[in-house]
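Here is what each chain is made of, one letter per residue.
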Amino acid sequence: MTSLNLPRLETIPTLLKFGQTTFGKIIFVIIFSTMSCLYTERFVELFVALSMITLLPDYRRPLIALTSLFWAIRFPCFERDFTWFSRHLPMSGDSYYKLACLAAFFFLTSLLIYLARRFPEHWFFRRPVRNLLIFYIGSLLLASHASLPTHLSWFIWLFLIISGKYLWFIAYSLTDKSRATKPFSLTEIFHFQPFWGSSNVPYPKGEAYLRKIEAKTSYELAIAQIKGLKLIFWSMFLLFAHMIFRQVAFGDVGFLEPFLAHFPAIPSLEMAIQASIAGRPFPQHVCWLVLIFNFIDKIFAISSNGGIIIATCRMAGFNALRNTYKPLYAKTIAEFYNRLYYYFKELLVDFFFYPAYFRFFKNYPRFRVFFATVAAAGFGNALFHFLRDIDLIIELGFWKALVGFRVYLLYSLILGISIGISQIRSMNSPYRKRSVMSTLLVLLFYCLIMVLDDPIRSRTIADYATFMLHLFVPYSR
Amino acid sequence: MEKHEKIRKFIASILQRKGDSEPFSDDDSLLLVGRIDSLNVLEIVGFLEREFNYDVSEDLFNQENFDSVESISSLVESECNA
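This structure is a prediction, so every number in the text was calculated from the model and none was measured. (Residues numbered from 1 in each chain as written. Chains lettered and ligands numbered in written order. Predicted model: local features only at pLDDT ≥ 70, side-chain atom pairs only at ≥ 80, totals over all residues. Heavy atoms only, no water.)

Draft legend 1. Structural detail: helix H18 (residues 365–388) of chain A. All names here are of chain A. Here H18 spans 33 Å end to end across 24 residues, near enough to the 34 Å set by a 1.5 Å rise per residue. Of all the bends found along H18, the most pronounced is centred on Gly380 and spans about 30 degrees. The element H18 is largely enclosed, with a buried count of 18 among its 24 residues. (Helix = DSSP H or I, 4+ residues; strand = E, 2+ residues; numbered from the N terminus. Expected span 1.5 Å × (residues − 1). Bend = angle between axes of the 7 residues up to and from the residue. Buried < 20%, exposed > 50% of the residue type's maximum accessible area, 1.4 Å probe, protein only.)

What follows is the structure in structure tokens.
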């Protein structure tokens, strides 16, 4: 969500001095952990982990590795997919089985990264991300369609579920530019899916980036932690505002229920689309309200979740940039994307934009940028989400899942082209002041396009077109 | 020295275009603190290609090396001395 300028507490000398004392560090961790009990049940574990990491900065990396390993075992990031998969394979719900799979995955990943550092000139490691993705997609096809013995097929699926969660972390490690000089270390593997949280997108990027933003002195640690505290307060405010918003807008159950009993709730986007498909659309103004409220809901969720992750990362001693930073201040379509999904955008830039930019159309500067942008925000974005939703590939098979993905493909294509045009328009253009009109147009674009960013894969493009049509053309029975 | 100044001026123009009027020194971090972003890095790459015939290959490209005026100048210098 947009924000006012938060006070620059990290520049106050007294506070910085206090933050460098042992007592100050403990107070900071206590405040943070107390706040964390508002959003997670793991606040005790978080308190213990952050206390150790803060008080023993020389052992920060091994402590983060140990904590993240503990998190991976205790709260596996693939838990949901495993639980889902256990319908097909009962033993995948067993904790020892999960542990064995995790151990096998860490062993093979360590081996892969060791080999990448040892043989950087090998054909596989000259284009490591491309080859990794080809290997991963090939394995998906094999598991989906080859007639394999049942147990082998299950084993491949389980391996793909786990490695899917770590795929982009591995990609960052394989492309670490300092890999030639930096020996392989096991702690690096255990920084994948770190304890401060991540989705399939690594927050904040990979090991090379972490090294750059890591606090080297007690002074830098104090700055990072004060910024972490500021961000957690801001994120909690957003979380609270989001809760109120959902109660008022969508009629969620909560403490405001007695006061809102007589107010009609706005239907969800899902209900509005279903109603349009069924030929009984909501009135035009309700459709618009649904669209706008759905957009606000998404921005609240992205801002608060990303804020919590980065705040925890800062408390662990890394001065990371926020994932969402004043999105409503964006003047262009490209800027909005950058402000809303910073780390996802970085992933797309690192693995799709730069490779396309450096390889193609060197003599056509503007088209070069456009093409690279479409490669990233269009193709890269679609590929990321297709691979992320592995449960659908297991359920439907590779090709049917791909067909079900057509709406998201259209979304990615429109997004990629729009961001591309926005990028080349803003290149070398003079400074423009923010205007209400440009901001509104950008927001309207995202309001409309986010309808297509729908996790339901059974609908057709025509279904969404029907809903869109009802936004602009009043329905007459 | 001339290269260094040209790079500095170009980065100043990028920041000005973004409405960022805060001063910056040669070793101030710009990318890691979010004052410039990946698109700006590409503008800088394009500028280096045009002005100094600096051929940035994908294998050697590292976004984080474009963090400050000093680091960019060193990149160009090392390319010229190679």
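Draft legend 2. A look at unusual backbone geometry. Residue and element names in this part refer to chain A. Between Tyr203 and Pro204 the backbone carries a cis peptide bond, its omega angle lying at -10 degrees. Tracing the chain through its elements places Pro204 in the loop between helix H10 (186–189) and helix H11 (207–213). Despite not being glycine, Lys326 shows a phi value in the positive range, around 45 degrees. You can call Lys326 buried: its relative accessible area is 6%. The phi torsion at Phe361 lies on the positive side, around 55 degrees, for a residue other than glycine.

Draft legend 3. Representation of the packing of helix H9 (residues 150–174) of chain A against helix H17 (residues 342–359) of chain A. Residue and element names in this part refer to chain A. One way to put it is that H9 packs onto H17 with a least axis distance of 12 Å and a crossing angle of 55 degrees. Taken together, the axis directions place H9 and H17 in an arrangement best described as oblique. Helix-helix and strand crossings are classified by hand; for H9 and H17 the assignment is left-handed. Along the contact surface, H9 presents Trp168, Ala171 and Tyr172, while H17 presents Glu346, Leu347, Asp350, Phe351 and Phe352. (Axes fitted to C-alpha atoms, helices over the stretch in contact; angles between N-to-C directions. Parallel < 35°, antiparallel > 145°, perpendicular 65-115°, else oblique. Left-handed = near helix turned anticlockwise from the far one by under 90°. Contact = heavy atoms within 4.5 Å.)

Draft legend 4. Representation of the interface of chain B and chain A within the structure. Listed per partner, the contact involves 26 residues of chain B and 29 residues of chain A. For the chain B and chain A pair, buried surface summed over both sides reaches about 2,200 Å², with 52% attributable to carbon and sulfur atoms. Taken together, chain B and chain A are joined by one salt bridge. Measuring nitrogen to oxygen at the nearest pair gives 3.1 Å for the salt bridge that ties Glu49 of chain B to Arg368 of chain A. Every element with two or more residues in the side of chain B that touches chain A is listed here: helix H1 (2–17) and helix H2 (38–52) of chain B. (Buried area = accessible area lost by both parts, 1.4 Å probe. Salt bridge = Lys/Arg side-chain N within 4 Å of Asp/Glu carboxyl O.)

Draft legend 5. How the structure looks around helix H14 (residues 269–277) of chain A. Residue and element names in this part refer to chain A. Residues of H14 that are buried include every one of Leu269, Ala272, Ile273, Ala275 and Ser276, and no others. Along H14, the residues classed as buried sweep out an arc of 160 degrees about the axis, all on the same side. Buried residues belonging to H14 abut helix H15 (284–315) and helix H23 (461–472). Just downstream of H14, Gly279 is the residue with a positive phi angle, here 85 degrees. (Arc of directions from axis to C-beta.)

Draft legend 6. Structural view of the pattern of salt bridges. Residues and elements named next belong to chain A. Under the defined criterion, the tally for this structure stands at 27 salt bridges over all chains. Put simply, Glu214 and Arg60 hold a salt bridge, and the shortest N to O gap is 3.0 Å. A residue pair is termed long-range when its members are at least 10 positions apart, and Glu214 in the loop between H11 and helix H12 (218–250) and Arg60 in helix H4 (residues 60–74) qualify at 154 residues. Each member of the pair, Glu214 together with Arg60, is buried. Put simply, Asp350 and Lys205 hold a salt bridge, and the shortest N to O gap is 3.2 Å. Pair noted here: Asp350 is in helix H17 and Lys205 is in the loop between H10 and H11, with a separation of 145 residues, a long-range link. No difference in accessibility class separates Asp350 from Lys205, as the two residues are buried. Among the charged side chains, a salt-bridge network with shared partners connects Arg60, Arg61, Asp176, Glu207, Arg211 and Glu214.

Draft legend 7. Quick peek at the environment of Leu289 of chain A. All names here are of chain A. Along the chain, the position of Leu289 falls in helix H15. Look at Leu289 and you get partly exposed, because its relative accessible area is 33%. Distance in space between the C-alpha atoms of Leu289 and Val369 is 36 Å, their sequence separation being 80 residues.

Draft legend 8. Molecular detail of the packing of helix H2 (residues 22–36) of chain A against helix H3 (residues 43–55) of chain A. Residues and elements named next belong to chain A. H3 packs onto H2 with a crossing angle of 155 degrees between their chain directions and a minimal axis gap of 9 Å. Looking at the two axes, H2 sits roughly antiparallel to H3. Relative to H3, the crossing made by H2 is right-handed. For the pair H2 and H3, the contacting residues are Thr22, Lys25, Ile26, Val29, Ile30, Phe32, Ser33 and Ser36 in the first and Phe43, Leu46, Phe47, Leu50, Ser51, Thr54 and Leu55 in the second. Partitioning the contact of H2 with H3 into residue classes produces nine nonpolar, five polar and one charged. (Nonpolar A, V, L, I, M, F, W, Y, C, P; charged D, E, K, R; others polar.)

Draft legend 9. Highlighting the nonpolar core. Ranked by size, the top nonpolar core spans 172 residues in total, and within it Tyr446 of chain A together with Leu48 of chain B carry the most contacts. The two domains that each donate at least three residues to this core are domain 1 (9–228) and domain 2 (230–472) of chain A. With sequence-adjacent residues up to four places away left out, Leu48 of chain B is seen in contact with Ile7, Asn53, Tyr54, Phe66, Ile72 and Val76 of chain B. (Core = buried A, V, L, I, M, F, W, Y, C linked by side-chain atoms within 4.5 Å. Domains from an automatic or database assignment.)

Draft legend 10. The arrangement of the domain arrangement of chain A in detail. All names here are of chain A. Domain annotation of chain A identifies domain 1 (9–228) and domain 2 (230–472). For domain 1 and domain 2, the distance between their C-alpha centres works out to 25 Å. Taken residue by residue, the interface counts 60 residues in domain 1 and 41 residues in domain 2. Summing the contributions of domain 1 and of domain 2, the shared interface buries around 4,600 Å²; its carbon and sulfur component is 75%. Contact with domain 2 buries area across many residues of domain 1, yet Trp168, Trp196 and Tyr203 alone supply 14% of it, more than any other trio. At the boundary of domain 1 with domain 2, the tally comes to three salt bridges.

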